[in-house]
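# Examination of the molecular architecture
Given next are the chains, with one letter for each unit.
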Amino acid sequence: MFDFNSRKIRTNLYDFGQSVNMIVTGRWLFYCIIIGVTAGSFALLFTFLLDVIQEFSFTHMAGIPPSRPDGDQIPGFLKVDLGIISVQLRWLIVILPAIGGLISGIVVYLFAPKAGGHGNDAVIGSYHGSGRVPKNVPITKLIASVVTIGSGGSAGKEGPIAQIGAGIGSYVCEKLGMGIRERRILMMAGLAAGIGAIFKAPIGAALFSSEVLYRNDFESEGLVAAIIASIISYSVYASVTGWQPIFAFEAASFTNPYELLLFIVLAVVIMVAGIAYNKIFYSVKRLFNKVEVPIYLKPAIGGLLVGAIGFFVPDVLGPGYGPLQSALNGNMTVWFMLALAGLKILATSFTIQSGASGGVFGPSLVIGGLLGGVIGYAIEAIAPGTISSPEAFVLVGMASFLAAVANVPVSSTILISEMSNSYGLIVPLIFAGTIAYLGSQSWSIYKQQLQNRFSSASYRDNFLGSIMDQLKVRTAYQKVESIPRISYRCPAREVLDKFSQTDSLILPVENDEKEIVGMLSLYDVRSLLQQDIEGLIIAADVMVPAKLLKLSDSFSTALKYFRESGERELPVLRPGSGSEFIGVLSERDFIMAYEREMSKERGE
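Presented here is an overview of the structure given in this document. Every residue gets a number counted from 1 within its own chain, in the order that chain's sequence is written. Per-residue local features of the predicted model are confined to residues with pLDDT of at least 70, and side-chain atom pairs are confined, for both listing and counting, to 80 or more; whole-chain, interface and lining totals are unaffected and use all residues. Values shown for side chains rest on all heavy atoms present in the structure; no hydrogens or waters enter the calculation.

### Some details on the environment of Ser 500
- With respect to the helices, strands and loops of the structure, Ser 500 is situated in the loop between α19 (492-499) and β5 (506-510).
- Along the chain, Ser 500 and Pro 314 lie 186 residues apart, while their C-alpha atoms are 89 Å from each other. Each helix is a run of DSSP H or I of at least 4 residues and each strand a run of E of at least 2, with the numbering of both proceeding from the N terminus.

Listed below in structure tokens is the structure:
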């Protein structure tokens, strides 16, 4: 018969509560829900405003309806009828990006200069710096970006929404009075939430927020919060826009091992193209820096250059996801894809490096996908049946190019898999992406990206503190055979005899009750003997407050004692004793032990 033991149940529940801090778990879950819901809502607002401006600019002003994948559409009930405003003059496509760039430049210049350029790089810089995104950035970034992209600027949606999401995380922390460590974690959560919603790729976005901060490292501390916030944000966004992935792709799987040779070729081509993109991108920035006009006018110049390209090749305008879907459908020629990839590099450089607001993540996917399509469809044309799916090369190109230019080989694979429901291609995706990443690690489209966690001041402070707490005095102290104690009444001249009996440079001082009341340094005694003409100076006149170490004390405690006493050695107590000494810890041994541990952590 079932025996209901209420006491045992209460005991088990108590033990569980001790091992799992439900209060802390619930609090962080609450923070992530706030960030996820808010970021998802901002992503919806961003998509809605972008759709309105694109329809107005492309369809009703220039007469060139924007091309989008089915998974990147907004539902009909959110559509705004702009039919009463329609001129449909193609030449307007030349000046519309310039007008958008001018509006964006003025808005950014007046309200939040940090909202210009590509948002992910700004977030990375904030993470490694103050851990704070100014509260006026999210709204400014939203307005400037939808105007830039909606009017035809060649930029992605992910950069703006990433900076908006990170700003939300920073704002939540500021209102709750949280510390810099928590602020960085919630910034990561916000970044992931924004990208996870706009790309309908919550897991890839969370991994991206962890991977994009460094060139060859991960930031694991905020990954859990990023996953939770990203999934919630994605759920909010997809509940309105639909659950289908951004890109439609007929299911395909990796079944031919010999195709790995072709994917190596693709990875090498992508790697070279990624480095070229990086060089062109920042060369354009240097050119715009030389243009002597007010900073808010430069985005208009960049927009005019983009409009001139777009007049002849409209597919270069905006994010470019529509042409990418056409490449996946096999509706583009090899030569057109090659030309469009090159023009997209120029258009994106003109848009972003002139100071307009947008992202480089999305255009990177487009460029990589088009180059992958060039190789895949070229192979199919030259040797039909050689490869199982030329369309797969488009997706592998997307993941590889992003891995190469942003140093994100893992998250790029998951992102593309989620965005196209192409999990059967995960092997070639990660294979080619890793090769492209390895060949281009010294290059990055994100200049704020650091080499590893140890290079970041934000992490180094925590890292050094962790090392100091882990190291114990027992690992570095030196045993001393005899450490005599000195009476506080002992004349300074007699103290020298005590020092001659030991190897220690510091001796403990005791009172009449044999309690340790201070410490005496050999250097202090020698300097004062020259002034002790009458022999009146005693140990009590020279000693400093006692700073006694135990073998179990951490290096943090030892460092604190070194600073407070100003001495070069500290006495170490014998275990279980409050007055008997076993040895000393010197500054030299302290530093050497610390350096050894740091070298191990760095892998040296």
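### Looking at the sheet that holds strand β3 (residues 478-479)
- Following DSSP output, two strands are said to pair if at least two bridges run between them. Strand order in the open sheet formed by three strands is β3-β8-β7, and the pairing between neighbours is antiparallel. Each edge of the open sheet is held by one strand with a lone partner, namely β3 and β7 (569-573).
- Bridging between β7 and strand β8 (residues 581-586) involves five bridges; their strand directions are antiparallel. For Leu 573, the partnering residue across the bridge sits in β8 and is Phe 581.
- Helix α22 (residues 555-565) rests against β7 and β8 of the sheet, and its axis sits at about 130° to β7. Residue contacts follow a heavy-atom distance rule, with two residues in contact if any of their heavy atoms lie within 4.5 Å. Angles shown run from 0 to 180 degrees and are taken between the N-to-C directions of axes, each axis being a line fitted to C-alpha atoms and, for helices, limited to the stretch in contact.

### Here we look at helix α14 (residues 361-382)
- Under the convention used throughout, the expected extent of a helix is 1.5 Å for every residue step, that is, one less than its residue count. With 22 residues, α14 extends 32 Å from end C-alpha to end C-alpha; this agrees with the ideal 32 Å at 1.5 Å per step.
- Burial within α14 is extensive, with 18 of its 22 residues counted as buried. Any residue under 20% of the maximum accessible area for its type is buried, any over 50% is exposed, and the rest in between are partly exposed; the area is computed with a 1.4 Å probe on protein chains only.

### Regarding the pattern of salt bridges
- For this analysis, a salt bridge means a side-chain nitrogen from Lys or Arg found within 4 Å of a carboxyl oxygen belonging to Asp or Glu. Following the criterion strictly, the structure yields 10 salt bridges and no others.
- For Glu 510, the salt bridge is made with Arg 485, and the minimal N-O distance between the two is 3.2 Å. On the criterion of sequence distance, the pair formed by Glu 510 in strand β5 and Arg 485 in the loop between β3 and β4 (486-487) is long-range, its members being 25 residues apart.
- Arg 489 serves as the salt-bridge partner of Asp 512, at 2.8 Å between the closest nitrogen and oxygen. Of this pair, Asp 512 sits in the loop between β5 and β6 (516-521) while Arg 489 sits in the loop between β4 and α19; the two residues are 23 residues apart in sequence, bridging distant segments of the chain.
- Salt bridges sharing partners connect three or more residues here, namely Asp 51, Glu 55, Arg 68 and Lys 79.

### Brief notes about the sheet that holds β6
- Taken together, the three strands give an open sheet; going across it, the order is β4-β5-β6, and neighbouring strands pair in mixed fashion. The strands lining the two open edges of the sheet, one partner per strand, are β4 and β6.
- Note that β5 and β6 share five bridges and pair antiparallel. The residue of β6 that forms the bridge with Leu 507 is Leu 520.

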